[in-house]
Structures are given as structure tokens and as C-alpha cells.
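Observations on the three-dimensional arrangement
Residues per chain, in single letters:
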Amino acid sequence: MEAVSSARLPLVLRERNFGLLWLGQVLSQGGKQLYQMAVVWWIVQSLPQARSGIALALFLVTVAAPSLLLHRRLGQTVDRSAPRGLLVGADLTAAFSVALAAALFSVHVMPVWGVYVIGFAVAASQGLIDPGLNKALPGVVAEEDLEVALAFQSSTQSVASFGGAVAGAVLLSRLGVAGVAVLNALTYGLSALCTASVRFGVSAPAAVEAVAADSTQKVTEGMPFTRAALGTFAAVNFFGVPTLLLLPLYTRSVFHGGASLMAALESSVCLGMILGAALGPRLPKPQSLARFGAAALGFFGVALAMPGLAPRLAVLAPALVAAGAAIGVLNVKFLAFFQERVPAERKGRFFAALQAAVSAAFPIGYLVFGFLSSQLAPPSLSLIQGAGVLAVSAVFLTLRGVEVREVAA
């Protein structure tokens, strides 16, 4: 009876090591969400409306850049490092950087370029987290629990962002930007403590000289569908991720709201991703990931376009939940596929390449949509987003033949 009850517990409660790892990342990512929301609102409030869109775009480009520019070295570092030291060190570096930001904000001497520099430093250290977790995860949970663990892991950012978005407006108004930065530094420290308590059942790291900073083509050698999927994800993110740029603009220029409304809209996306991640392991394994991916992206594209057709809050919030759910399901199924296909000795470099592919379109997307935001209203930009994702969905469907050849090899 006790064994049955234990089996029914969620994985984060049933497996202590995984629970600590997940809790640590929820804390650190939740604090990061609070801090970034505070900085975004600080930029919006500090600059004239004509300059705030491009300034926001530049900040978002800055925090996306390390995963793109440094992905080979990040992957190499993950493959040659023990997971505990790697993950703890990344969180402590981020804690120090954000503590410096708190000090500058508290004495009111933070320049706009300062948030870019500190944002880059935090992003560079945190760029080790996703590939490090993906490489370490098979050594933390049993094989039969891996897909459920991947669902929890893929929802970590969403859970943290949901909580951060819900609490963000209240905490920002009470603590100010400096107080929120202090809170973020503390959450990074708590995350480091949680991770330091985890037992990682993984093999010893490879020797430094045996792990080259390979190109994505080399890392995905023999996996043509996997390589093509990485490029397709970059195209999806070019159109999808600028939603984070559009939500403050919807809040300010369409709905004439404040930070609390912006937080509610951001939490809608996160809620959808949480629901999608929970649904993902319950769905059967797709017979064709190419077709499954095309269908999920088609749903995502329609959801993104809906606010452009009807720019009302009653449409935007449900559309954001639907869009997040589509991406949440897609993440779980593709992460499970990648864990199955990629050899263990290449996983650090592969997941760093995946992170780079996901980040590759961020700078261009943010800059293009940041420029367009000064020319077009947010609803028009939503229509462009939706049409772009639908086009990528059609391209994804053409990968079916490549998928068959890779799986058969």
C-alpha cells in the first residue's frame, strides 16, 4: 500500500535528487523573471515611447547573445565538467552579477548600458544551465521516468515565469528595482544550495583534450532530421519570441495598462506552457515527429495571429495560453526524441547547439520587431508573427522523408 501511494506521487516528490534539482531551477528562474520584468519596466518608464521599443529590443538581444555566440565553448565546458560544480558555479556567478546590479540601482547610478552589460554576464553563466541539465538528467532519474522528468524540466521556466509574473508587479511596486535585484541574487544562491545537495549518478567527465568545441554540423553528424529541426526551431523563434517584446507595447499603447497587466499577460503564456508540458507525457509517442511538429506549429501560428484579428484583452489572454500550450507539448516530445537519439558523450555539445539554435533568431527577431514597433501597431505585428509561424509549419511538414531516413539508419 505504501509503495502504491509512493508511485502516485509526482516525480519531484518521489525522487529527492530530481526534486532538489527542479526546485533549485524554479527558484533561480523565478528570480530571474522578476529581475528581467523589473528591468523591462524600468526601461519603458525611463525612456520616451519612441525609443523604448528599440531599447527593449537591445536588452533582449543582449541577454540572448551569449547562448548564440558562445555555444561551442559552452557545450565543450558541459561535456568535460562534473555537473554539480558546473551548475553551482553558474548560479553563484549569476548571483554576484545581479548583486552588483542591485548596488547600482540602490544608489540610482545605473546607466541604461549597465543593464546590458550585467544582463550579458548573467546570461553567459546561465547558458551552461540548460545543456548541463539535459546532459545530467539521465543520471538523476530512472529511464522510465525520463519523459516525465523532461516535462518537468521543460516547464521549469514556465512555472518560474508564471510565479514571477504573478508576483512581479506587487514586488516591483514594494521593493523597487534594487530590491527585486537583491531577491534575484538570493534565489540564485538558494538554487546553488539545492544543486549542491543533489547526487548525480553520471560517468566521469571526459578529458579536456578529448572534447572539441565542435560545430553543430559535426555534433549532429548522422542525424539529418535532428539537424534540420534545429534550423526550423530558429525560424519559429524569429516570429514567436518577439511576443515578449510586444506584450509591454500592448499593455502601454493598446490597453493603456500598467505593470500588473503586463505581468498578467506574461503569466498567460507561462500558464499555457505549464499546461502543455503536463499534457506532453500523456500523449502517445508520435508516429511522425515531422507531422506532429507541423500540426503543433500550425496551432501556435493561429494562436499568435488571433490578437491581430481581434485586439481585445478577452482574445489576447486565451490566445497566449493556447500558444504556450502548443510550445509546451512540442518541447516535451522533441526533448524526449533528442535524449533518445544523441549519444551521451555528445549531449553537452548537442544541447548547447540546441540552445544556440533556439537563441539564434532572438537578436534578429527582437531588432526587426523592435524597429517595426515604431512603424506598426502591435495587432499588425501579431498578424506578421502568425503568418510567419504558419509558413514555418508548412516547411516542417516537408521534413517527413528526412525523418524516415534518420530513424531507419
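The shown structure was predicted, so the numbers you read here are calculated from the model rather than taken from an experiment.

**Structural notes on the overall build of the chain**
Broken down by element type, the chain carries 18 helices and 0 strands. Pairs at least 24 residues apart make up 86% of the contacts formed inside the chain by residues separated by at least 6 positions. Accessible surface, the chain: about 17100 Å² in total, of which carbon and sulfur atoms supply 66%.

**Quick word on a nonpolar patch on the surface**
Together, V302, M306, L309, L383 and L390 line one region of the surface with nonpolar side chains, adding up to about 420 Å² of accessible area. Looking at the nonpolar patch, the elements that each hand over two or more residues are α14 (289-309) and α17 (378-397). The residue L309 is located in helix α14 in this model. Classification of L309 by relative accessible area gives exposed; the value is 62%.

**Focus on the side chain of S28**
Mapped onto the secondary structure, S28 falls in helix α3 (residues 16-46). Look at S28 and you get buried, because its relative accessible area is 0%. Those residues in contact with S28 that lie beyond four places of it in its chain are D91, N184, T187, Y188 and S191.

**Quick notes on the packing of aromatic side chains**
One pass over the full model with this rule turns up 14 aromatic pairs. When the ring of F238 is compared with that of F369, the centres are 6.0 Å apart and the planes differ by 65°; the resulting orientation is edge-to-face. Highlighted residues: F238 in helix α11 (residues 224-240) and F369 in helix α16 (residues 347-372), separated in sequence by 131 residues. Clustering of aromatic rings is evident, with ring pairs tying together F225, F233, F334, F337, F338, F350, F351 and F396.

About the criteria used
Residues numbered from 1 in each chain as written. Predicted model: local features only at pLDDT ≥ 70, side-chain atom pairs only at ≥ 80, totals over all residues. Heavy atoms only, no water. Helix = DSSP H or I, 4+ residues; strand = E, 2+ residues; numbered from the N terminus. Contact = heavy atoms within 4.5 Å. Areas by Shrake-Rupley, 256 points an atom, 1.4 Å probe, with all protein chains shown as cover. Patch = residues over 30% accessible without salt bridge, like charges linked within 9 Å, V, L, I, M, F, W, Y side chains within 5 Å. Salt bridge = Lys/Arg side-chain N within 4 Å of Asp/Glu carboxyl O. Buried < 20%, exposed > 50% of the residue type's maximum accessible area, 1.4 Å probe, protein only. Phe/Tyr/Trp six-rings, centres within 6.5 Å; stacked < 30°, edge-to-face > 60°.

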